[in-house]
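Each chain, letter by letter, is given below.
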Amino acid sequence: MSDNSFYRLAPFIQEYIYRNQWQALRDIQAQAIRAILDSPDHILISSGTASGKTEAAMLPILTDLHNNPPASIGALYIGPLKALINDQFERLTDLLAESQIPAQSWHGDVAQAKKNRFLRRARGILQITPESLEAMLSNRHYQLRRLFHDLRYVVIDEIHAFMESDRGRQVICQLERLERCQKAPPRRIGLSATLGEPELAMAFLRGNHRLPVRCISGQEFSRREVGLEYFPLPDSRRRRHDDSNPPDADSPSLASETAYYDHLYTMSRRVGKTLVFANSRANTERIIMKLRELADNHRQADIYHAHHGSISAPLREAAEAAMKDPDKPACAAATVTLELGIDLGQLDQVLQVNSTHSVSSFVQRLGRSGRRGGPARMFFYATEEDRQASHIGEELPWNLLQTIAIIQLYAEEKWIEPPIIPQLPLSLLYHQTMSIVKAHSELAPPRLAERVLSLSPFKSITQEQFRLLLRHLIAIGHLERTDAGDLIIGLEAEPIVNNYRFYAVFCEEEEYSVRDRSREIGKLQGAPEVESSIILAGYAWQVLEVDFEARVIYVKRIRRAPVPDWLGDAPNIHTRVLQKIRDILQSDVNYPYLLQNASRRLHSARQLAKRANLADTSILPLGDGAFLILPFCGTRQAETQLRILEYAGIACKQQFLPYYYEIESDMPNAEALRSRLEGIFAKPPGQDDLTSPAPCQCDKFARYLPHELLTEAYNQDCTDIPGAIESLERL
């Protein structure tokens, strides 16, 4: 411990480091200690997963709080997940055992009695979710000065997970609202393992502050082991909807399905700890069910756990505990719920079923393994359903190609998607407007406008746009005028803003609690029929009773059931990923991490592309006035293309965006169609010329917003005419 940074830490921290036999501070920690203790700047800490980022931020913060005790809560830690906050709280509690600094986790699962005890003498560190912080701002407005007037630091963990969402912009609004009751603005410290463009993260972290943001970065994991294999699977739609005519038992796809699950099973048993990522809750359930069946067939212990947002908190916590237990093997299958920074201990490997939707997610998941000095290991399974194909768009193995593209973009260029920051976040605008009115009980319109529009996420909202919103909210009864002309919450909005669900800016589906007697298993969207069967938490259940008023489904365990479907947002894939797919199809490089089947399937895909002449054209005639378009551009650009073509009178017949779409045209051949497209390039439509789709229902408060503002926001934030035209020109 010869680094001077160590000796600058508080004595109780030095003792903790000695007691836990740390060999040395990591480079990122030494950098952060100097940056936090020696400057007034905001700090962005960018370093690989498990590189000690949390300690890098907290060790100097705790030292400052120890040396100069604040008169209120001194540090605010904001995390995206309850599980992450719980994990960090446990680690922090151990570190603070010999100090006089209190710490409290704060979210919906924490007992109110613990929260009340902390509030009586609010000091030390508060670890909180954005939703709980929103509830505090709305309901404890007149206590905020006492609680936070001497706040020194705000730590935003997993900042990359916040940046592209209304939830992240909500956090910035909350911090800027808090600063109105503080002696001086607290310093902001962002933590992330995956940043494509640090400058954008620095701008996000700064908000409307003038203080500079300093970025410090550490070394990423040095050793990586990546593998990829391909498996064709039976057509799930046919199996689900045509049980009277099942596929031949000797069909190659069924044999490959058996090989696929056998391979997953073998991989899950070869090391102590395995984390399986799937891109949907349904696939997570399917995988765990099959692995449990295979373990039962082999008479081996059941080490398997499912982990996603529809599983009850106790079962998720049991899965996390099993993964952390150093003495027993365990395997958990998860969606994004275990992608973020929960410390799972010595995780030996990550298995990824089908491509991640982004390079950022790949890097984050790869970094879940490789802790404690071992290599980061990740094995991909690229699957493809065996369906009757009518053209090359349906024949190409998009999952396999996208997986290779994502791996290569990071391996060759260290490229990660930059965040997309909307100019008109209208759903959040409604939310913060109503939250501020609720907190103050009533506000004059000019004062409300000043308080809302001064928040940095709304810097592009004009006074006229805000007046339009307020007039609309008054018209629909969400705001009302008092005799003095002030605005208060209207009768129509009271059930909305007084419900605990209001604090979250993301959509929450109406769900039914699934219970085995009194034990909650998880939740389902909608109620299945009585005596039907479901799968949840990796087990099969029969529905015994549905209490529609209490929204409870009572079940009992059975051996088999169909996998439930969960709704989810379609992924937004970046143009660079699709362009890399095109490069891969035109290349002859043999990637060393491809196993035999994956290598063969890539070769056959390249042969398909060569026969279709995709190197020279992406417009392929299908006959009967139909054409196939392979745009090789991102989701946003492909969607804009369809709107441009619709404007030009060209109808879309079928789509699988962003990979391909079919159009109908009276052009006799591809060259004639290309000539017509060139006319569009010469005089492209403007945003106002394009027909806007119905308001996006995944924007939680869109239904309460005026249509003209929604149209303006969609055209500005969801449309990319230059990008769409550029990719059309390459066809």
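All values reported here derive from a predicted model rather than from experimental measurement. (Residues numbered from 1 in each chain as written. Predicted model: local features only at pLDDT ≥ 70, side-chain atom pairs only at ≥ 80, totals over all residues. Heavy atoms only, no water.)

Enquirer: Go over the overall build of the protein, please, and point to the residues and values.
Expert: Broken down by element type, the protein carries 28 helices and 24 strands. Counting only C-alpha atoms, the protein reaches 75 × 65 × 60 Å along its principal axes. The 731 residues of the protein split such that 56% are buried. The long-range fraction of contacts in the protein, counting pairs at least 24 apart against all pairs at least 6 apart in sequence, stands at 73%. (Helix = DSSP H or I, 4+ residues; strand = E, 2+ residues; numbered from the N terminus. Buried < 20%, exposed > 50% of the residue type's maximum accessible area, 1.4 Å probe, protein only. Contact = heavy atoms within 4.5 Å.)

Enquirer: Before we move on, can you summarise the nonpolar core with the specific residues and values?
Expert: Counting 94 residues, the largest nonpolar core has Ile 45, Leu 62, Ile 189, Leu 396 and Leu 630 as the members making the most contacts within it. Top element by residues in this core is helix α18 (residues 398-413). It accounts for 9 residues. Not counting chain neighbours up to four residues away, the residues in contact with Leu 630 comprise Ile 392, Leu 396, Trp 398, Leu 614, Ser 618, Leu 620, Tyr 659, Tyr 660 and Leu 731. (Core = buried A, V, L, I, M, F, W, Y, C linked by side-chain atoms within 4.5 Å.)

Enquirer: Let's hear about the pattern of salt bridges: which residues, and what values?
Expert: Taken as a whole, this structure holds 28 salt bridges when the rule is applied. In this structure, Glu 55 and Arg 91 form a salt bridge, with 2.5 Å as the shortest nitrogen-oxygen distance. Of this pair, Glu 55 sits in helix α4 (residues 53-67) while Arg 91 sits in helix α5 (residues 82-95), and the two are 36 residues apart along the sequence. Since its relative accessible area comes to 26%, Arg 91 is described here as partly exposed. Ionic contacts of the salt-bridge type, sharing partners, join the residues Glu 55, Asp 87, Arg 91 and Lys 324 into one network. (Salt bridge = Lys/Arg side-chain N within 4 Å of Asp/Glu carboxyl O.)

Enquirer: Describe the confidence of the model for the protein, naming the residues involved and giving the relevant values.
Expert: Confidence in the prediction for the protein averages 89 pLDDT; 94% of positions are at 70 or higher. Counted against residues more than four places away or in other chains, residues 240-244, with its pLDDT under 50, gives 2 contacts. (pLDDT = per-residue confidence, 0-100.)

Enquirer: Residues and numbers for helix α20 (residues 445-453), please.
Expert: Where α20 is concerned, the buried positions are Pro 445, Leu 448, Ala 449, Arg 451, Val 452 and Leu 453. Packing partners of the buried residues in α20 comprise α19 (426-440), α21 (463-475), β14 (479-481) and β15 (487-489).

Enquirer: A description of the environment of Ser 456 should follow, citing residues and the corresponding values.
Expert: Within the secondary structure, Ser 456 is located in the loop between α20 and α21. A relative accessible area of 15% places Ser 456 in the buried class. Separated by 283 residues in sequence, Ser 456 and Cys 173 place their C-alpha atoms 7.2 Å apart. Filtering out sequence-adjacent residues up to four positions away, Ser 456 remains in contact with Ile 172, Glu 176, Gly 207 and Asn 208.

Enquirer: Run through the sheet that holds strand β4 (residues 124-128), naming residues and quoting values.
Expert: Taken in spatial order, the 7 strands line up as β3-β4-β2-β5-β6-β1-β7 in an open sheet, and their pairing is parallel. The sheet is open, and its two edges are formed by β3 (103-106) and β7 (213-217), each paired on a single side. Sheet twist, expressed as the average angle between the axes of neighbouring strands with direction ignored, equals 15°. Bridge count for β3 against β4 is 4 bridges, and the pairing is parallel. Note that in β4 the partner of Ala 103 across the bridge is Ile 125. Contacts from helix α3 (residues 27-38) reach β1 (42-46), β5 (153-156), β6 (187-192) and β7, with the element oriented near 160° to β7. Sheet strands in contact with α4 are β1, β2 (73-78), β4, β5 and β6, and its direction is about 155° off that of β6. (Pairing = 2+ DSSP bridges. Axes fitted to C-alpha atoms, helices over the stretch in contact; angles between N-to-C directions.)

Enquirer: So what's going on with helix α24 (residues 596-611)? Residues and values would help.
Expert: Compared with the 22 Å implied by 1.5 Å per residue over 16 residues, the 23 Å span of α24 between its first and last C-alpha is a close match. When we look at burial in α24, the residues that qualify are Ala 598, Arg 601, Leu 602, Ala 605, Arg 606, Leu 608 and Ala 609. For α24, the buried positions fall inside an angular range of 155° around the axis, keeping them on one side. Away from its buried face by more than 90 degrees, α24 exposes Gln 596, Arg 600, His 603, Lys 610 and Arg 611. The inward-facing, buried residues of α24 abut β8 (224-234), β13 (376-386), α17 (392-395), α18 and α23 (575-586). Asn 613 occupies a position one or two residues after α24 and carries a positive phi of about 60°. (Expected span 1.5 Å × (residues − 1). Arc of directions from axis to C-beta.)

Enquirer: Could you give an account of the packing of α3 against α4, with specific residues and numbers?
Expert: Two elements in contact, α3 and α4, have axes separated by 8 Å at closest approach and are oriented at 40°. The way α3 lies across α4 gives a crossing that is right-handed. Judged by residue contacts, Ile 28, Gln 29, Ala 32, Ile 33, Ile 36 and Leu 37 of α3 engage Glu 55, Ala 56, Ala 57 and Pro 60 from α4. The class makeup of the residues in the contact of α3 with α4 is 8 nonpolar, 1 polar and 1 charged. (Left-handed = near helix turned anticlockwise from the far one by under 90°. Nonpolar A, V, L, I, M, F, W, Y, C, P; charged D, E, K, R; others polar.)

Enquirer: Break down the packing of α18 against α24 for me, with residues and values.
Expert: With their axes 10 Å apart at the nearest point, α18 and α24 run at an angle of 105° to one another. As the angle between them shows, α18 and α24 are arranged roughly perpendicular. Taking contact as the criterion, the partners of Leu 400, Leu 401 and Ile 404 in α18 are, on α24, Ala 598, Arg 601 and Leu 602. Class assignment for the residues of the contact of α18 with α24 results in 5 nonpolar, no polar and 1 charged. (Parallel < 35°, antiparallel > 145°, perpendicular 65-115°, else oblique.)

Enquirer: I'd like a description of the pairing of strand β19 (residues 539-547), backed by residues and values.
Expert: The side chains of a regular strand alternate, first on one face of the sheet and then on the other. Relative to β19, strand β18 (residues 533-536) is paired through 4 bridges, and the arrangement is antiparallel. Residue pairing for β19: Ser 533 is matched across the bridge by Gln 542. Counted along the chain from β18 to the antiparallel partner β19, the turn is 2 residues long, and its residue Ala 537 has a positive phi close to 60°. Across 7 bridges, the pairing between β19 and strand β20 (residues 552-558) is antiparallel. Considered in β20, the bridge of Asp 547 is made with Val 552. Counting the residues in the hairpin turn of β19 and β20 gives 4 residues, including Arg 551, whose phi is positive at 55°.

Enquirer: Please provide a residue-by-residue account of the packing of aromatic side chains, values included.
Expert: Overall, the coordinates contain 23 aromatic pairs when judged by the stated rule. Aromatic side chains Phe 656 and Tyr 660 sit 5.6 Å apart centroid to centroid with 65° between the ring planes, which places their arrangement in the edge-to-face category. Classification of Phe 656 as partly exposed rests on a relative accessible area of 40%. Clustering of aromatic rings is evident, with ring pairs tying together Phe 231, Tyr 260, Tyr 261, Phe 379 and Tyr 381. Lying across the ring of Tyr 410, Lys 414 places its NZ or CZ 5.2 Å from the centre. (Phe/Tyr/Trp six-rings, centres within 6.5 Å; stacked < 30°, edge-to-face > 60°. Lys NZ or Arg CZ within 6 Å of the ring centre and 35° of its normal.)

Enquirer: Report on the environment of Arg 123, specifying residues and quantitative values.
Expert: Mapped onto the elements of the fold, Arg 123 is located in the loop between α6 (112-120) and β4. With 19 residues separating them in the primary sequence, Arg 123 and Gln 104 have C-alpha atoms 9.5 Å apart. Ignoring any residue separated from it by four or fewer positions in sequence, one finds Arg 123 in contact with Pro 70, Ala 71, Ser 72, Ile 73, Pro 102 and Phe 118. There is a polar contact of 3.1 Å between the side chain of Arg 123 and the backbone oxygen of Ala 71. (Polar contact = N/O pair within 3.5 Å; in protein donor to acceptor, adjacent residues only side chain to side chain.)

Enquirer: Explain the sheet that holds strand β22 (residues 626-629) to me, using residue names and the numbers behind them.
Expert: Judged by pairing direction, the sheet is antiparallel, and its 4 strands sit side by side in the order β21-β22-β24-β23 without closing on themselves. Looking along the sheet, the strands with just one partner apiece sit at the ends: β21 (619-623) and β23 (651-656). Strand-to-strand twist across the sheet, computed as the mean angle between neighbouring axes with direction ignored, equals 25°. Of the strand pairs in this sheet, β21 and β22 are connected by 4 bridges, and their pairing is antiparallel. Residue pairing across strands places Leu 620 opposite Leu 628, the latter belonging to β22. Sheet contacts for helix α26 (residues 670-682): β21, β22 and β24 (660-664); angle to β21, the most-contacted strand, approximately 125°.

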